[in-house]
Protein chains: 2
Amino acid sequence: MDNPSVNKPLNLGIAGLGTVGIGVLRLLQNNQKTITNRAGRPIRIHAVNAKNRHKNRNIDLTTFKWYEDPLDLATDPDIDVVVELIGGTNGAAYELVCEAIKNKKAVVTANKALIALHGNELAKMAASQNVPLLFEAAVAGGIPIIKTIKEALAADRLIEIGGILNGTCNYMLTTMTRTGRGFEDILKETQQLGYAEADPSTDIDGLDAAHKLAILASLGFGYTFNFKDIFVEGIRNISPHDIHYAQELGYTIKLVGMAQYHSENKLELRVHPALLPQSSPLARVNGVINAIRTKGEFSGYLMLEGAGAGEGPTATAVCADIIDIARGNTIPMWGTDWNELRPATLVPNSDFNKAYYIRLIVEDKPGVVADIATIFKENNVSLRSLLQHKNHMTTDSENTVPIVLVTHKNRESSLLKSLKAIYDLPAILEKPIIIRIEEP
Amino acid sequence: MDNPSVNKPLNLGIAGLGTVGIGVLRLLQNNQKTITNRAGRPIRIHAVNAKNRHKNRNIDLTTFKWYEDPLDLATDPDIDVVVELIGGTNGAAYELVCEAIKNKKAVVTANKALIALHGNELAKMAASQNVPLLFEAAVAGGIPIIKTIKEALAADRLIEIGGILNGTCNYMLTTMTRTGRGFEDILKETQQLGYAEADPSTDIDGLDAAHKLAILASLGFGYTFNFKDIFVEGIRNISPHDIHYAQELGYTIKLVGMAQYHSENKLELRVHPALLPQSSPLARVNGVINAIRTKGEFSGYLMLEGAGAGEGPTATAVCADIIDIARGNTIPMWGTDWNELRPATLVPNSDFNKAYYIRLIVEDKPGVVADIATIFKENNVSLRSLLQHKNHMTTDSENTVPIVLVTHKNRESSLLKSLKAIYDLPAILEKPIIIRIEEP
């Protein structure tokens, strides 16, 4: 328990003074005494860096050294920990983290894209330089899922990790469900509220959730894989009609990110909208909240639910990493030596085995249902239910009806093959809508 | 990052081979390779102890040294960590932990009563001997709430910690809600299922939840207090009628444990049945599941939900502590130096300020409601609603009716004074039922 660094202050260099950076400054100032007690030594901000020095941030920066170039933080001999809050996959953030590690500085980052895409390379670098690289804030802001998987569940083997990983999508789908309003309409409102970016694609097309899922899977299962092989589908095609029909069937539509251990070297990682049974724990997670559920061989189910973003929660996560470093945390980046991670291939979506919700818009004439059922039968796709609805979707075409189907678990390739054949039927008027059903 | 103990095995002495002890043995055997990787060194069981050596445990114990006396684990020079899984507030568990610390051994315990009642004394001993004392499994089995508060939320100041802390009570109340059956009936069934002990009082009278709450409050707020000052009320008086009326009003009845920071040196700690709005996150936690929600100044709300007991989840928590010790975890027991903990007084229930559900059984005659309302008015108790129900509670007395009242937030002393006066009214036939309402 002897720690030579007790009472020696830990000096930080912080790059990036956006929402999270300012939050870290505020938290370190506000709770200075508590943090010193819990870290066992004072934590001091030595230097900061941001794009614009003169922007009004409502916080006094004059007591910190200012660097115009973030890379200077990596070489300042008075800095013990570089805190990277710049963001972005490559460029300044990547260079800063590499330089900091090369200069034997500990690194704390909130950058999910960086870790998801360069995690293994950085883990190797950090291990060779014997410095910690921590990234609690990179996944789901205020939810300590990294520490939970890396430390609390360290003895167990996880077989499933997943949940609601994107607050923007969850807010939008929650609001669409509550109001019955359409996607574009809700997107505009979400942007006005500041929950979605001006260019919302990273969130609504699922990339943000995929970054988080990749990190969770590497950490939880101990594998490396090709990020581009993760199946990713966003929420742009979710309509109020499907939300409505899903509700009638006892489901809620959410964007989920799911990682499943299949077998030695084979994982399933996917981000997509899903129908969740209304009674399932994730179905009840509403608004901008994130939730992550793990399933382990010994630990069973564990769910963490909280703020996935925001100044205070994310700053708390960044500062937890800093306190860990102050206390002498020496856990490798992936919870195990980087060279213990094995390569895995990811299951392609054609091999998914799930139940599906399908909506067809058909011409209202005899024999259509029989034709559809026959095609499914020929492809060995087993149906759980088929409901022909009254048309409340369109008013301009009285001769069309929506048909909503729910399948049992089927191989996705068989399902897609059936739907291709069904779409070729003259009575099928629109491209079929397919949404996966996520059941325990 | 240099760790002289890397690769040197960590040797355990395990006392107590009940459900959790056997789970720890199984987990350490099953996941040996994973655990070695994550701990950075092998973890070996050197010796074990239990009451009965010859009991069939379906596990091979012959490779471990056997001690008849648990105290021998504390003095065996080959043991690095004593794992106390005996249980009980005093006696063997207490003596073993004290002796282990005196002999400069790290301690891992799953014993909530021991930590709740002797935590400060043990923290002082462990600090003076410079050994870690970890107790993740002592609160809510597989939920890593100790690590979350101590490490993930270390930078923040918590203002509220609470939740569903007892799986037995939650299972019983969930089943009563689902079936409409009575307390005694459900208790018998719960005992048959093994979710309640033959003597169920520790669980159903709230003591178990109070132990957990005391630990969470000391850890989360940084205070010591008199355990006996915690307000504790169990679930014996919860009837299907109240569950039914609560549901009609939009509430679910749960046993909650709540700790709130009031002001410097003043905390509110209480364990009692409560009406939770059906939309609140804790209301949806059903069955034997536990859930704990923290509220911090910066971190906001965070909720952890999972198995509060059981072989696998609890063993995972015990092994997480062991791995932390293997990696060199040096965090003080309460997350801060034991002498940083300040004494706090606990708010007596007369000073609680809550909304209340009240059920009265009254003689069905004119003027009763006016008499009741007048008494509340005289005591400045403001009512939110008053509903006179049809009598479906008793069949033998057609002239009685239940009245269900919901108050706004009031001082509990005023409420109790009113109810005393109301009970003195000749038309009030039974002792009033009072259940606190837990609203955000």
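Keep in mind the model is a prediction, meaning the values are calculated, not measured.

Chemist: I would appreciate a short explanation of the overall build of chain A in the present structure.
Modeler: Within chain A one finds 14 helices and 20 strands. On C-alpha atoms alone, chain A measures out to a radius of gyration of 24 Å, which is about the 22 Å that the 2.2 N^0.38 rule sets for 440 residues. The C-alpha extent of chain A, read off along each of the three principal axes, is 80 × 50 × 35 Å. Scored against the burial criterion, the 440 residues of chain A give a buried share of 58%. Taking all contacts inside chain A whose residues are at least 6 apart in sequence as the whole, residues at least 24 apart take part in 75%. Approximately 17,300 Å² of chain A is accessible, and the part contributed by carbon and sulfur atoms is 48%.

Chemist: Mind showing me how you'd approach the domain arrangement of chain A here?
Modeler: How big an interface is tends to be stated in terms of accessible area lost as the parts join. Residue and element names in this part refer to chain A. The domains assigned to chain A are domain 1 (10–138), domain 2 (147–307) and domain 3 (350–437). With 19 residues of domain 2 in contact, the opposing surface of domain 3 contributes 18 residues. Summing the contributions of domain 2 and of domain 3, the shared interface buries around 1,600 Å²; its carbon and sulfur component is 63%. For domain 2, the biggest contributors to the area lost against domain 3 are D242, Y245 and L275; these three give 35% of the whole. Here R436 and E233 are joined by a salt bridge, their closest N and O atoms 3.3 Å apart.

Chemist: I keep staring at the relation of the copies chain B and chain A and nothing clicks. Help me out?
Modeler: Both copies of the chain are placed relative to one another by a rotation about an axis and a shift along it. Between the two copies, chain B and chain A, the superposition gives an RMSD of 0.0 Å; the rotation angle is 180 degrees and the shift along the axis is 0.0 Å. Each copy turns onto its partner about a two-fold axis. Every residue of chain B has its C-alpha some distance from the rotation axis, and the shortest such distance is that of L304(B), at 2.3 Å. When the interface residues of chain B are mapped onto chain A, 100% of them again lie at the interface, so the same face is used by both copies.

Chemist: Could you clarify how one ought to interpret the interface of chain B and chain A in this entry?
Modeler: If you look at the interface, chain B gives 55 residues, while chain A gives 55 residues. Regarding the contact of chain B and chain A, the summed buried area is about 4,800 Å², with carbon and sulfur atoms giving 52% of it. Across the chain B-chain A interface, the total number found is 6 salt bridges. Across the contact surface, chain B and chain A share 18 residue pairs in polar contact (both at pLDDT 80 or more). Those elements that place two or more of their residues in the side of chain B that touches chain A are α1 (19–30), α2 (32–39), α6 (145–152), α10 (207–221), β13 (300–307) and α12 (311–327) of chain B. Here the side of chain B that touches chain A takes 8 residues from α12(B), the largest share from any one element. For the side of chain B that touches chain A, the residue count by class is 23 nonpolar, 17 polar and 15 charged. Sheet topology note: the strand β13 (residues 300–307) of chain A/β13(B) ladder contains 5 bridges and is antiparallel. Residue pairing across strands places G306(A) opposite L302(B), the latter belonging to β13(B).

Chemist: When you look at empty space enclosed by the protein in this model, what are you seeing that I'm missing?
Modeler: Vacant regions in the atomic arrangement are exposed by a probe of water-molecule size rolled over the atoms. A full pass over the atoms with the stated rule returns 6 cavities of 30 Å³ or more. A volume near 90 Å³ is recorded for the largest cavity. For the largest cavity, the lining is made up of 14 residues, of which E136(B), K147(B), E151(B), D321(B) and D324(B) are closest to its centre. Listing elements by their share of the lining of the largest cavity, those giving two or more residues are α6 and α12 of chain B. Here the element with the most residues in the lining of the largest cavity is α6(B); it accounts for 4 residues. Taken as a whole, the second largest cavity encloses approximately 70 Å³ of empty space. Lining the second largest cavity are L134(A), F135(A), E136(A), I146(A), K147(A), K150(A), E151(A), D321(A), D324(A) and N329(A). In terms of residues, the lining of the second largest cavity owes the most to one element, helix α6 (residues 145–152) of chain A, which gives 4 residues. Shared between two domains, the lining of the second largest cavity holds at least three residues of each, these being domain 1 (10–138) and domain 2 (147–307) of chain A.

Chemist: What is the right way to read the UniProt feature "binding site: NADPH" (unreviewed entry) in chain A from this model?
Modeler: All names here are of chain A. In the numbering adopted here, UniProt assigns the feature "binding site: NADPH" (unreviewed entry) to K112. Position of K112 among the secondary structure elements: in helix α5 (residues 112–129). In this structure K112 touches A138, D208, H211, K212 and I215, once residues within four positions along its chain are discounted.

Chemist: Teacher, can you tell me more about the nonpolar core here?
Modeler: Among soluble globular proteins, nonpolar side chains are generally buried collectively. The biggest cluster of nonpolar side chains holds 166 residues, and the ones touching the most others in it are L133(A), F135(A), L133(B) and F135(B). In this view, F135(A) contacts T109(A), I115(A), I146(A), K150(A), I215(A), L219(A), D321(A), M333(A) and W334(A); residues no more than four positions away in its chain are not counted.

Cut-offs used in this document
Residues numbered from 1 in each chain as written. Chains lettered and ligands numbered in written order. Predicted model: local features only at pLDDT ≥ 70, side-chain atom pairs only at ≥ 80, totals over all residues. Heavy atoms only, no water. Helix = DSSP H or I, 4+ residues; strand = E, 2+ residues; numbered from the N terminus. Rg over C-alpha atoms; globule rule 2.2 N^0.38 Å. Buried < 20%, exposed > 50% of the residue type's maximum accessible area, 1.4 Å probe, protein only. Contact = heavy atoms within 4.5 Å. Areas by Shrake-Rupley, 256 points an atom, 1.4 Å probe, with all protein chains shown as cover. Domains from an automatic or database assignment. Buried area = accessible area lost by both parts, 1.4 Å probe. Salt bridge = Lys/Arg side-chain N within 4 Å of Asp/Glu carboxyl O. Least-squares fit on C-alpha atoms with pLDDT ≥ 70 in both. Polar contact = N/O pair within 3.5 Å; in protein donor to acceptor, adjacent residues only side chain to side chain. Nonpolar A, V, L, I, M, F, W, Y, C, P; charged D, E, K, R; others polar. Pairing = 2+ DSSP bridges. 1 Å grid on protein atoms, 1.4 Å probe; cavity = no way out; pocket = protein on both sides within 12 Å on 5 of 7 lines; lining within 4 Å. Points joined across faces, edges and corners; volume = space filled by probe spheres on them. UniProt positions renumbered as here; feature names shortened; annotations may be inferred. Core = buried A, V, L, I, M, F, W, Y, C linked by side-chain atoms within 4.5 Å.

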